[in-house]
Amino acid sequence: MQVASVIVDVAAMQTDRAFDYTIPEKWTGMIQPGMRVVVPFGPRKIQGFVTELKSGSNVKKLKSLVEPMDLVPVLNSELLELADWLTETTLCFKISAYQAMLPAAMKAKYEKIFRLRGEEELLNEEIAAFFNKRAELTWDEAAKAGVLSSLRQEIKADRIELIYKVKSRGQKKNIRMIGLSLSPEELSAGLDSLPANAQKQKDVLNYLARSETSLLSAKELMDRAGAGSSTLKSLIEKGFLFERQQEMYRDPYEDREFEQTQPLPLTDQQQGAIAPVLGAIEENRHETFLLYGVTGSGKTEIYLQSIQRVLEKDKEAIVLVPEISLTPQMVHRFKGRFGDDVAVLHSGLSIGEKYDEWRKIQRKEVKVVVGARSAVFAPFENLGIIIIDEEHETSYKQEENPRYHARETAIKRADFYHCPVILGSATPSLESFARAQKGVYQLLTLPKRMNNQQLPDVEIIDMREELRSGNRSMFSHALFDKLTDRLEKGEQTVLFLNRRGHSSFIMCRDCGYVAGCPHCDISLTYHRQSHRMKCHYCGFEELVPSKCPECNSEHIRYFGTGTQKVEDELGKLLPHAKVVRMDVDTTSRKGAHEKLLRQFEEGKADILLGTQMIAKGLDFPNITLVGVLSADTMLHIPDFRSSEKTFQLLTQVSGRAGRHHLQGEVVIQTYTPEHYSIQLAGKQDYDQFYNQEMMMRKLGNYPPFYYLALVTVSHEDVMTASGVTEKITQYIQSRVSNQAIILGPVASPIPRINDRYRYQCLIKYKREPKLHEILKTVMEHYTKQQKDKNLQVAVDVNPFIMM
DNA sequence: AGCACGCCGACT
DNA sequence: GTCGGCGTGCTC
């Protein structure tokens, strides 16, 4: 008797283990590890993943699995193993790991249906009327009508049964194909048999007779032969044509042409950098390279040519980019070089589109994947290289379970396939650079820009001085002068501001009252479109008060500046300048991002104003000025990485200027010009910044000198939250070595979200082999004896967001 | 997680 | 006496 071990689709501590099922005879040999199956679980039916086949089980009474959901495994043995590793390192449930590795379309949907068993005359009248001659009724319908309890009785009396259905979320898309079912000889007879007035039908037959393809889509046929669907229908009824459903891919780049590009000759410095990578590819050797190249130094060409070599060896490549919809230029470069061999996976695609791209990978119809974080799980089986562009980006860390980091995951996979990883950045994360210094990664450097173009001149403006000299606007004199100068010359400017919306918060000028969220300890954000105050954490919103709720004063002031406000201001100051604004609000619609960029590229705008998303990948020759309106916004968030983030962002943004023939200039406005991350970003001196920041990290016992683990406890009651955190802290304290540093219990940086109080405990450690086990025990303890359902305990190993 | 089972208070 | 509230414990 064959038995399948199954991980069921229930994300809970108690069900986070394999359950055994017998395999019905008709499925033996067909069911394999890595397949999704439908299994009975308690009274219901749910989805599960087969992890192992066995010849028996320790469990006495086994149920048998219902049916497979796949013809071939969706997870191969490597990915199953990777899931084990993810589970261990991030302390997540196995099912969460599996789900993270697959497109959302494969997540199960459940449906409950009441079905009549026999004759409905036996039912009570109310129910009979409700079924109204139908044999089935959904649970939701019944719940809405409030007949659940009567239905329960009918179930007890065996007159109705409750059926649990498991469905996949995404569907394959089918297309209707039409073909000619007549041979050439039969055709003329067929044409003659048609009535004289059936001209359209004749047109269709004639078109198909002349056409070279024997099968084409109904839509295309109708277009080309100028016929309607009724024409086709009658021809099919007459047996002249046949129709067939054919599976098709939704192609998000369908109507886009990609110009074929050829490898560019490499400069000496590129040559030097790529050689070790090619060596590793040649020798099938796993090695991690940190490609540290200043902005505009030609990293992408190195990626492209490394991939080229990998493809020549008939292997596959994964390219991770921070968020691809944000860099359409990147997609262009890969599709341009590798054409149809490229699949693209990013958050802008629909569930169905992602599913289709995933299937192309699984069926080996593509060899290169370009995508955001989750593309690291692309189901290739012969990987030749993994490339992570902008490796310092924090979006590579997933902030929900499984809390994995794409960089570590990539290295793990590459190790399995004995292939290299390239981490590319102009401003490497301290962790990576430190590893390169230690020789864990091999450092490759591109210190010069292509064509030896100078890095832009950077001017740092002290906005306190501006204020003192009476300039209360958001533009310093220097920036404004340069801006008008570029407008006159017809050159383009990029203005960067790290905050969307209008103003960040409102304050009463008389009493200092700041509008805060009643459910969270955070100030509300003003949104001009709706003229409302919104909480970005719990969704609370209210109208902007006209009077101060505390002191009744009418002197309400809007503080902070968002992109919207800057746009308004530009309209007033430079009414002739054409401005393109790019932030989450203007790019949420599909394709909007590309459209705005194209406008700017084609010179239809003078100024590109935007948030973070314009910091990366923009490469337009006519940009000669970059203005950073407020460099400090990131600096003051309570996070040990705030200096690093500030430095990286400023350097990236500055890199947008003067990438081609025109020399670029950068103006950075700040209230803290003396801060080293701003000073050194101004000088574009990464090495100096690295040294300085490493010193700070060493002093603060932060990464890369220490690893971190963060335990966050939340509860409606402050005392419970702090009390539990206290206990957890003590427990951990007593079990780790005295090398570990434990901070806590303390209130989280945001002490309350959604009426729940939040406390945390931060563990800094160098080597604690038992720590994962300890943390697991903590989680188990507080989820099992869940007397208090409201208590939440979350663990983040290597946290990036400390809130 | 969901669902059943089981034990207590408020109704036809 | 029954309906339904939610505390408890299990799911191969």
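Residues numbered from 1 in each chain as written. Chains lettered and ligands numbered in written order. Predicted model: local features only at pLDDT ≥ 70, side-chain atom pairs only at ≥ 80, totals over all residues. Heavy atoms only, no water.

## Digging into the packing of aromatic side chains
The full count for this structure, using the stated rule, is 17 aromatic pairs. Ring centres 5.0 Å apart and planes at 45° place the aromatic pair phenylalanine 49 and tyrosine 98 in the tilted group. In this pair, phenylalanine 49 is assigned in strand E4 (residues 44–54) and tyrosine 98 in helix H2 (residues 94–101), connecting sequence segments 49 residues apart. Given the relative accessible area of 1%, tyrosine 98 is considered buried. (Phe/Tyr/Trp six-rings, centres within 6.5 Å; stacked < 30°, edge-to-face > 60°. Helix = DSSP H or I, 4+ residues; strand = E, 2+ residues; numbered from the N terminus. Buried < 20%, exposed > 50% of the residue type's maximum accessible area, 1.4 Å probe, protein only.)

## As for a nonpolar patch on the surface
A surface patch of nonpolar side chains, amounting to about 260 Å² of accessible area, comprises Tyr537, Ile801 and Met803. Take methionine 803: it is sitting in the segment after strand E34 (792–797). Classification of methionine 803 by relative accessible area gives partly exposed; the value is 31%. (Patch = residues over 30% accessible without salt bridge, like charges linked within 9 Å, V, L, I, M, F, W, Y side chains within 5 Å. Areas by Shrake-Rupley, 256 points an atom, 1.4 Å probe, with all protein chains shown as cover. Salt bridge = Lys/Arg side-chain N within 4 Å of Asp/Glu carboxyl O.)

## Side note on the side chain of serine 643
Residue position: serine 643 is located in helix H21 (residues 642–654). Setting aside its immediate chain neighbours within four residues, serine 643 contacts Leu635, His675, Tyr676, Ser677, Phe689 and Glu693. (Contact = heavy atoms within 4.5 Å.)

## Notes on the protein's contact with DNA strand B
Neighbouring DNA strand B are the residues Val10, Ala11, Ala12, Gln14, Pro43, Arg44, Lys112 and Tyr164. Backbone atoms, meaning sugar and phosphate, form 65% of the atoms of DNA strand B found within 4 Å of the protein. Contact between DNA strand B and arginine 44: a base nitrogen at 3.4 Å from a side-chain N or O atom of the residue. Counted by class, the surface near DNA strand B contains five nonpolar, one polar and two charged residues. (Near = heavy atom within 4 Å. Polar contact = N/O pair within 3.5 Å; in protein donor to acceptor, adjacent residues only side chain to side chain. Nonpolar A, V, L, I, M, F, W, Y, C, P; charged D, E, K, R; others polar.)

## Topic: the pairing of strand E28 (residues 607–610)
Side chains of E28 alternate between two faces, with Ile607 and Leu609 and Leu608 and Gly610 buried alike. Both strand E21 (residues 492–496) and E28 contribute to a ladder of four bridges, which runs parallel. Counted as the bridge partner of threonine 493 is isoleucine 607 from E28. (Pairing = 2+ DSSP bridges.)

## Looking at the protein's contact with DNA strand C
What surrounds DNA strand C is a group of 15 residues, the closest being Arg17, Asp20, Pro40, Gly42 and Lys63. For DNA strand C, a base nitrogen lies 3.0 Å from a polar atom in the side chain of arginine 17. Within the backbone of aspartate 20, an N or O atom sits 2.8 Å from a sugar or linking oxygen of DNA strand C. Only strand E2 (18–22), strand E3 (36–41) and helix H5 (148–156) provide two or more residues apiece to the surface near DNA strand C. In terms of residue count, the dominant contributor to the surface near DNA strand C is E2 (three residues).

## Notes on the UniProt feature "binding site: Zn(2+) 1" (unreviewed entry) in chain A
The feature "binding site: Zn(2+) 1" (unreviewed entry), as annotated in UniProt, sits at Cys508, Cys511, Cys548 and Cys551 in this numbering. These residues run over 44 residues, yet every pair of their C-alpha atoms falls within 8.6 Å of each other. Here cysteine 508 lies in strand E22 (residues 505–508). Assessed through its relative accessible area of 1%, cysteine 508 is described here as buried. Those residues in contact with cysteine 508 that lie beyond four places of it in its chain are Tyr513, Cys548, Cys551, Ser553 and His555. Mapped onto the elements, cysteine 551 comes out in the loop between strand E25 (541–543) and strand E26 (556–559). Accessibility expressed as a relative area gives 35% for cysteine 551, which makes it partly exposed. With residues up to four places along the chain from it excluded, the contact list for cysteine 551 reads Cys508, Asp510 and Cys511. (UniProt positions renumbered as here; feature names shortened; annotations may be inferred.)

## Side note on the sheet that holds strand E6 (residues 67–68)
Across the sheet, which stays open at both edges, the six strands sit in the order E5-E2-E1-E4-E3-E6 with mixed pairing between neighbours. In this open sheet, the two strands that pair with only one neighbour each are strand E5 (63–64) and E6. Bridge analysis of E2 against E5 gives two bridges, and the strand direction is parallel. Bridged to threonine 22 within E5 is serine 64. Each of strand E1 (3–8) and E4 touches H2; the most contacted strand, E1, lies at about 85° to it. (Axes fitted to C-alpha atoms, helices over the stretch in contact; angles between N-to-C directions.)

## Quick look at the sheet that holds strand E31 (residues 707–715)
Spatially, the four strands line up as an open sheet ordered E32-E33-E31-E34, and their pairing is antiparallel. Because the sheet does not close on itself, it has two edges, and the strands there are strand E32 (741–753) and E34. Across the sheet, the axes of successive neighbouring strands diverge by a mean angle of 20°, strand direction being ignored. With nine bridges connecting them, E31 and strand E33 (residues 756–765) associate as antiparallel partners. Residue histidine 715 lies in a different strand from E33, and its bridge partner there is tyrosine 757. Across the sheet, helix H24 (residues 718–735) touches E31, E32, E33 and E34, and the angle it forms with E33 is around 15°.

## Section: the pattern of salt bridges
One pass over the structure, following the stated rule, counts 42 salt bridges. Linking arginine 36 and aspartate 70 is a salt bridge whose minimum nitrogen-to-oxygen distance equals 2.7 Å. In this pair, arginine 36 is assigned in strand E3 and aspartate 70 in the loop between E6 and helix H1 (77–90), connecting sequence segments 34 residues apart. Owing to a relative accessible area of 3%, arginine 36 belongs among the buried residues under this scheme. Salt bridges linked by common partners bring Glu459, Lys482, Asp485, Arg486, Lys489 and Glu665 together as one network.

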